[in-house]
2 protein chains.
Amino acid sequence: MNGMGEETGFEVVIVVPKGKRKEGGDLAEKGDSVEFLVRELEKAGLIVERFRGVPAEFLKIAAPLIVLGQAAAELELKKLTYIGMELQFEWDMVTAFVRQPDGSLFSWYERYSCFRHLLYGIVNKTDSNIALKFNDKDIKYEKNESLLKRLEIEGVVKQVFPLHDEVKRKQLLRKWDLNWLDFTWQPVDEIYSYFGSKIASYFSFLGMYTRWLFFPAAFGLATQLFDFGRMQFLVLPSFFVFIISWAVFFFQFWKRKNSALLARWGINYSLNECKAMPSEANEFNYTDPIKKKFYSSRPAEKTSIQADEWWGIFRKVRNNVIVVLGIICLQLPFELTYAHLYNITQIEVLRYLLTAAYLIAIQYYTRIGGKVAVALIKYENNQGEDSSAASLVYKVFGLYFMQSYIGLFYHAVVYRNLGTLRKVLIQRLIVSQVLENLIENSIPYVSYNYKKYLALHKKKNDNSSPMGKNVRLSTRVEKEFLKPSYSASIGADLEDGLFDDYLELALQFGMIMMFACAFPLVFCFATLNNITEIRADALKLLAMLRRPVPRASATIGAWSNIFQFLIVMAICTNSLLLICLYDQEGKWRIEPGLAAILLIEHILLFVKFGLSHFVPEEPAWVRVNRLRNVSQARDLYSKQLLRSITKLEHKDD
Amino acid sequence: MNGMGEETGFEVVIVVPKGKRKEGGDLAEKGDSVEFLVRELEKAGLIVERFRGVPAEFLKIAAPLIVLGQAAAELELKKLTYIGMELQFEWDMVTAFVRQPDGSLFSWYERYSCFRHLLYGIVNKTDSNIALKFNDKDIKYEKNESLLKRLEIEGVVKQVFPLHDEVKRKQLLRKWDLNWLDFTWQPVDEIYSYFGSKIASYFSFLGMYTRWLFFPAAFGLATQLFDFGRMQFLVLPSFFVFIISWAVFFFQFWKRKNSALLARWGINYSLNECKAMPSEANEFNYTDPIKKKFYSSRPAEKTSIQADEWWGIFRKVRNNVIVVLGIICLQLPFELTYAHLYNITQIEVLRYLLTAAYLIAIQYYTRIGGKVAVALIKYENNQGEDSSAASLVYKVFGLYFMQSYIGLFYHAVVYRNLGTLRKVLIQRLIVSQVLENLIENSIPYVSYNYKKYLALHKKKNDNSSPMGKNVRLSTRVEKEFLKPSYSASIGADLEDGLFDDYLELALQFGMIMMFACAFPLVFCFATLNNITEIRADALKLLAMLRRPVPRASATIGAWSNIFQFLIVMAICTNSLLLICLYDQEGKWRIEPGLAAILLIEHILLFVKFGLSHFVPEEPAWVRVNRLRNVSQARDLYSKQLLRSITKLEHKDD
């Protein structure tokens with residue numbers, strides 16, 4: 001059984017508890033539910049490999065391509081074709097569909113969707129309930145019920161999770177994580193085919209961000225190293241203008257890069273809104289698919305949709321008001337109290353105690369806040385998972401924004417204490433981010449080892465084991481089972497661990513941008529931090545955690561809006577900082593300096609919002625490709641389509 | 001021949017000079033070019049009615065629907081079908097296409113395009129050149145040449161223009177222009193079917209704008225009528241907040257209304273970008289329409305498109321820099337000089353002289369500016385006519401912006417002379433706009449009468465006329481021939497008279513928004529002005545001018561961005577005005593007041609850019625309809641499409 005874990009093709013595993021071994025080692029018993037499950041899986045065309053590991057029993061699942069293809073057709077999976085349109089997948093017309101960059105037919109996301117469809121699609125098609133057994137427990141498998149779901153409810157199936165592909169994992173580890181020659185280069189296409197579009201776009205963003213960070217880092221370093229003599233007073237304002245323009249350009253170019261990536265991966269994101277459509281809307285006129293005057297007719301339906309829309313907007317606004325009020329009325333006083341107390345406390349020990357108390361309190365606060373946010377978005381009729389996720393991101397970010405920056409604002413504005421501000425910035429960036437990276441990577445490792453110890457310890461005490469003392473975790477599957485999964489700290493189903501990674505990135509971006517003028521050197525720390533972040537995150541995904549469940553989204557989504565918001569905030573806060581810096585007397589007077597700063601601020605705001613007119617978000621070659629394919633499709637099939645429509649029309653008459 | 005002008009169906013007219021009448025009144029001569037043209041037109045399936053009017057000879061053209069349909073198929077016209085996709089028109093599958101709201105198959109824009117295609121599509125298909133004659137002048141009609149173009153060059157065809165439809169025109173006049181019961185209501189659908197989408201969307205915008213203007217007008221009136229006692233100092237800031245929010249909401253709702261209108265008219269604007277594609281891009285792979293890996297392959301093509309794109313952006317930026325520098329270096333000093341001279345001149349007569357000189361100079365300046373702008377955009381590779389028009393709009397608006405507002409800024413900021421500012425505002429709004437309306441409507445009338453006089457005068461002197469002294473313009477066609485066409489003052493082919501109307505509206509909007517806090521009553525004047533504007537513009541279109549050539553665009557296009565820009569400007573200028581108002585001593589000190597105003601300004605800027613997250617631009621019911629139809633199409637024809645693609649693939653192998 002050795003080397004089995006390294007076999008490719010086994011991409012999903014089902015974990016069941018170890019059944020009691022009957023006399024003579026005979027596992028198979030009439031009506032044994034695990035045996036039944038294996039038979040049903042094999043009937044569905046899947047390849048099942050069953051083996052008993054130390055902590056549990058594992059059913060490794062693989063599937064021939066044809067089985068996956070049929071599942072995709074059943075799922076009505078939309079797939080890009082060579083004419084640039086997304087069409088429903090059909091197995092017998094497989095040559096019409098665009099292949100992945102690595103040559104395979106399905107992307108990892110599509111494969112996983114098909115696996116899930118196959119696994120959970122096994123239902124009781126007989127006319128009667130089937131009685132199953134597991135460890136002397138009776139299980140009633142009802143008609144038209146999903147077998148896997150029933151077994152999950154009964155506790156027979158403990159977990160279903162995707163497996164690492166050992167060959168590709170090692171390849172990636174070598175090419176990506178252990179490639180120390182180029183700090184920011186990453187094999188994005190391979191990450192895409194192994195982890196899916198969402199994770200690949202995160203790393204692609206992180207890499208590009210880090211690469212671009214070198215410019216402000218160099219400028220920041222220069223402001224500290226050189227003395228500009230009489231022009232010294234111009235250094236900070238020009239740094240301000242530079243970093244804002246830098247950020248605006250960076251995001252515009254990131255959007256271009258993102259659409260280029262999507263084009264390369266064959267993801268047609270502009271059409272994806274069709275997928276996100278609520279299914280009810282599709283059912284509106286299920287009975288008569290084609291009607292004359294579909295635009296102007298059916299005023300009742302129009303009214304109901306409009307009412308729904310406004311009700312949805314109202315609820316969204318209400319929820320946001322709740323969140324904003326919650327943050328302002330509960331979190332703001334708390335944070336200000338902490339910052340104030342910290343500032344007036346003179347004894348170092350008391351300060352440490354205060355900070356400890358604060359950190360514990362903040363943990364609870366963010367956890368409660370996250371739960372409230374998750375609860376609130378359930379009452380919004382967000383269209384599709386993407387929109388819910390975005391709504392959650394905004395709410396939780398509001399919380400973290402207040403928590404991370406209010407103390408800094410306090411030092412900057414109320415006390416005008418730039419010294420403390422700088423100290424806090426360094427402390428936050430170096431200490432907390434380095435610590436976070438350590439914790440991020442060590443927690444999975446510790447938790448894995450603890451679980452391993454528990455499993456082995458239990459095994460040793462378990463006398464039924466024939467192996468006696470020499471227990472080892474011999475296979476990869478067992479090891480992966482013990483590893484933690486890639487999940488978000490706010491614990492919602494909507495997001496995976498990327499939420500935390502993006503949050504970290506956004507908070508860092510806000511910190512360095514909003515207080516750039518107070519401490520230009522901060523960009524150097526951020527650059528160093530991000531270089532380690534790339535490696536650490538890669539290591540975490542490849543070695544520390546289970547393979548993450550792939551997700552469909554392929555842009556940085558709501559985070560993009562948050563970064564934009566942070567840029568606008570940065571324009572305002574830096575203006576404020578500059579005013580504070582040049583306002584030596586403490587009396588706020590509009591001298592030429594203040595007027596100039598306000599002018600710069602307004603010009604930057606215009607640049608921020610005007611730039612998108614000049615640099616389009618979609619590179620021209622992507623656009624040309626897309627449109628060419630659309631018009632080709634239209635021209636090629638125009639006549640056929642028209643004939644079918646007229647036929648349907650005549651049938652109608 | 002009476003009553004002929006009122007016949008429907010004759011929608012286009014060709015004007016030719018009156019040929020010399022041969023002895024015996026025999027017009028038809030072998031090789032006579034007009035006779036030849038009529039025969040060719042009739043061969044093309046058109047119905048031609050020829051008659052001699054007083055100023056010229058007219059060929060009125062009508063066409064049976066089937067001839068138009070065939071022309072549409074030849075033009076490869078894209079038309080909305082019942083599955084929500086736009087497909088190439090085919091005459092024999094006519095039932096598949098969505099009809100217009102008024103029941104006709106083609107919209108006015110489509111009909112006119114077909115007419116033009118039919119008229120200019122008459123070419124010499126014989127193997128030899130044909131010799132034609134007109135008034136003893138020899139015309140060589142070469143092979144494969146368009147007859148109408150040749151005749152236009154030779155001066156035989158003087159004009160081709162669309163004709164008014166007398167029945168519908170009178171109906172519209174009654175229902176729209178002479179309907180004084182509801183000031184802002186307009187029969188938008190009928191305007192659409194008579195004038196096309198561009199003019200209909202202008203009037204729909206103007207109506208909605210006027211209706212929304214009632215709110216700030218009421219508030220503005222209230223600020224002048226009532227005394228708020230101790231709260232008086234809060235009136236202007238709250239008016240400021242109110243009008244900015246009002247404007248932001250107005251434009252968001254206008255976008256929604258616009259997409260609802262497009263949906264009602266069956267215009268699928270999101271797909272229109274395919275039409276705007278440069279034709280070269282389509283020809284890139286004309287020889288092999290389907291290629292594997294079309295996304296990632298052909299790096300050479302990708303590079304060339306990218307180079308083109310950056311070169312295009314560079315030229316655009318360069319042109320804009322030229323325009324901005326031209327405005328700042330040439331126009332700004334000129335305007336400031338005028339404002340300054342006007343301010344220091346004490347003698348009333350000199351002021352009038354100064355203003356007269358200024359007005360004459362400004363006429364030349366804007367005309368030159370317009371020509372420069374038209375010349376500049378020729379060097380930009382704008383994609384399609386829409387984009388060129390937008391680029392022109394921005395450039396010309398920059399000119400007018402400086403011209404209209406710099407004097408006002410001068411009074412407001414440099415002299416802090418709110419009295420003069422108010423006087424100038426009233427003067428501009430009432431005097432100039434009323435005058436403009438008068439001129440706008442009287443110039444066509446005067447020009448029509450002058451032309452009529454000329455024609456009749458010439459006729460009287462012309463002894464060859466058998467009618468002698470009693471010459472009258474008996475038909476509508478003759479009258480329309482003498483009317484001016486609806487053209488832009490900057491005289492470009494890219495824009496029609498709507499350019500001037502939008503410009504007037506945008507300048508008014510900027511005036512009332514940017515100086516709202518200086519004089520809240522200004523909204524009342526704008527409201528009154530717009531009510532008359534609706535009627536005046538309608539009268540102009542229906543009675544004073546020729547029927548305008550229909551245009552494809554169906555949104556307010558680039559003007560929308562200009563209005564948005566004016567809102568942002570309004571936030572800044574009103575903040576400045578408020579600071580001036582509350583800064584009594586003339587020394588700019590940040591007291592709580594100034595800080596509060598800056599705070600309001602920033603909050604408003606955030607509101608401006610954040611609102612679009614809450615109110616989507618496309619109403620949900622439009623979106624649901626659109627997506628439903630797209631997904632229906634996809635699901636219905638998915639299999640057929642796939643089969644065709646795989647067939648093509650196999651042919652490839």
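Residues numbered from 1 in each chain as written. Chains lettered and ligands numbered in written order. Predicted model: local features only at pLDDT ≥ 70, side-chain atom pairs only at ≥ 80, totals over all residues. Heavy atoms only, no water.

Here is the rule we go by: UniProt positions are given in the numbering used here, feature names are shortened, and annotations may be inferred rather than shown by experiment.
The name an unreviewed UniProt entry gives chain A is Anoctamin-like protein, with Rhynchospora pubera as the organism. In its Subcellular location (unreviewed entry) section, UniProt records this for chain A: "Membrane".

With respect to the overall build of chain A
Basically, it comes down to this: Elements are defined by DSSP. Helices are runs of H or I of four residues or more, strands are runs of E of two residues or more, and each kind is numbered from the N terminus. In what follows, residue pairs with any heavy atoms lying within 4.5 Å of each other are defined as contacts.
Counting its regular elements, chain A contains 19 helices and 8 strands. Residue pairs in contact within chain A that sit at least 24 positions apart in sequence constitute 75% of those at least 6 positions apart.

What to know about the packing of aromatic side chains
Residue and element names in this part refer to chain B. This is how the line gets drawn: Aromatic pairing here means that ring centres of Phe, Tyr or Trp (its six-membered ring) are within 6.5 Å. Orientation follows from the plane angle: under 30 degrees is stacked, over 60 is edge-to-face, and everything else is tilted. Relative accessibility decides the category of a residue: with a 1.4 Å probe and only protein chains considered, values under 20% of the type maximum give buried, values over 50% give exposed, and everything between is partly exposed. Remark: a charge is flagged as sitting over a ring if the NZ atom of Lys or the CZ atom of Arg is within 6 Å of the ring centre and within 35 degrees of the ring normal.
By the definition in use, this model includes 86 aromatic pairs over all chains. Summarising the aromatic geometry, the rings of Tyr 338 and Tyr 358 are spaced 3.9 Å apart at their centres and angled 5° between planes, so their arrangement reads as stacked. Separated by 20 residues along the polypeptide, Tyr 338 in helix H11 (residues 299-344) and Tyr 358 in helix H12 (residues 348-377) bring together distant segments of the chain. Given the relative accessible area of 8%, Tyr 358 is considered buried. Here the basic side chain of Arg 547 rests over the ring of Tyr 194, its NZ or CZ set 4.0 Å away from the ring centre.

Describing a nonpolar patch on the surface
Residue and element names in this part refer to chain A. Formally: Only residues whose relative accessible area exceeds 30% and that form no salt bridge enter a patch; like-charged residues are grouped when within 9 Å of one another, and nonpolar side chains (Val, Leu, Ile, Met, Phe, Trp, Tyr) when within 5 Å. Calculation of accessible area relied on Shrake-Rupley with a 1.4 Å probe; when residues are assessed, cover is drawn exclusively from the protein chains displayed. Here a salt bridge means any side-chain nitrogen of Lys or Arg lying within 4 Å of a carboxyl oxygen belonging to Asp or Glu.
Together, Leu 221, Leu 225, Phe 226, Phe 228, Met 231, Phe 233 and Leu 234 give the surface a local cluster of nonpolar side chains, amounting to about 710 Å² of exposed area. Among the elements of the structure, helix H7 (197-225) and helix H8 (232-265) are those that each provide at least two residues to the nonpolar patch. Assignment of secondary structure puts Phe 233 in helix H8.

Some words on the pairing of strand E6 (residues 130-134) of chain B
Look at any regular strand and the pattern is simple: side chains alternate between the two faces of the sheet. Which entries qualify depends on this criterion: At least two DSSP bridges between two strands are required for those strands to pair.
Strand direction decides the pairing type here: E6(B) and strand E7 (residues 137-141) of chain B, joined by 5 bridges, are antiparallel. The partner of B:Lys133 across the bridge, within E7(B), is B:Asp138.

Topic: the sheet that holds strand E1 (residues 12-16) of chain B
Residues and elements named next belong to chain B. Put simply, the rule reads: Note on definitions: angles span 0 to 180 degrees between N-to-C directions of axes, and those axes are lines fitted to C-alpha atoms, for helices only across the stretch in contact.
On the basis of which strands lie adjacent, the open sheet formed by 4 strands has the order E2-E3-E1-E8 and antiparallel pairing. The open sheet terminates on both sides in strands that have one partner only, identified here as strand E2 (47-52) and strand E8 (159-162). Going from strand to strand, the sheet's axes swing by 20° on average, the running direction of each strand aside. Where E1 lies against strand E3 (residues 57-62), 5 bridges are found, and the strand directions are antiparallel. Bridge pairing in E3 links Ile 14 to Leu 59.

Some thoughts on the pairing of E2(B)
Residues and elements named next belong to chain B. As paired strands, E2 and E3 are joined by 6 bridges and run antiparallel to one another. The residue bridging Ile 47 from the neighbouring strand is Ala 62, located in E3. Where E2 folds back on E3, the antiparallel hairpin that results is connected by 4 residues.

As for the sheet that holds strand E1 (residues 12-16) of chain A
Residues and elements named next belong to chain A. The sheet built from 4 strands is open, its strands ordered E2-E3-E1-E8 with antiparallel pairing. Pairing within the sheet leaves two strands with one partner each, and these edge strands are strand E2 (47-52) and strand E8 (159-162). Each strand axis lies, on average, 20° off the axis of its neighbour in the sheet, ignoring direction. Packed on one face of the sheet, helix H1 (residues 33-43) meets E1, E2 and strand E3 (57-62) and runs near 155° to E2.

A few points about the UniProt feature "transmembrane region" (unreviewed entry) in chain A
Residues and elements named next belong to chain A. Mapped onto this numbering, the UniProt entry annotates "transmembrane region" (unreviewed entry) at residues 199-221, 233-254, 321-342, 392-413, 505-528, 562-582 and 594-615. Annotated as residues 392-413, this span is 100% helix and 0% strand, and its ends, taken at the C-alpha atoms, are 30 Å apart. Across residues 505-528, helical content stands at 71% and strand content at 0%; the span's end C-alpha atoms are separated by 13 Å.

Points about the side chain of A:Arg546
All names here are of chain A. The test is simple: The charge count treats Lys and Arg as positive and Asp and Glu as negative. His and the chain ends do not count. Distance and chemistry together define a polar contact, namely a pair of N or O atoms within 3.5 Å, with one atom able to donate a hydrogen and the other to accept it when in protein, and with adjacent residues in sequence counting only for side-chain atoms on both sides.
Position of Arg 546 among the secondary structure elements: in the loop between helix H16 (522-544) and helix H17 (558-582). Although Arg 546 lies buried, it forms no salt bridge, and the closest oppositely charged side chain, Glu 480, sits 6.7 Å away as judged by the N-O distance. Here Phe 481 takes part through its backbone oxygen, which lies 2.9 Å from a polar atom of the side chain of Arg 546. Separated by 3.3 Å, the side chain of Arg 546 and the backbone oxygen of Lys 483 make a polar contact.

Concerning the nonpolar core
Applicable threshold: To define a nonpolar core, start from buried Ala, Val, Leu, Ile, Met, Phe, Trp, Tyr and Cys residues and group those joined through side-chain atoms within 4.5 Å.
In terms of nonpolar packing, the biggest core is built from 197 residues, with A:Phe523 and B:Phe523 touching the most fellow members. Looking at this core element by element, the count peaks at 14 residues for H8(A). Residues contacting B:Phe523, with those up to four places away along its chain left out, are B:Leu213, B:Pro216, B:Ala217, B:Phe239, B:Ile243, B:Trp246, B:Ile512, B:Met513 and B:Ala516. Among the nonpolar cores identified, the runner-up in size contains 42 residues, and A:Ile14, A:Phe89, A:Ile122 and A:Tyr141 belong to it.

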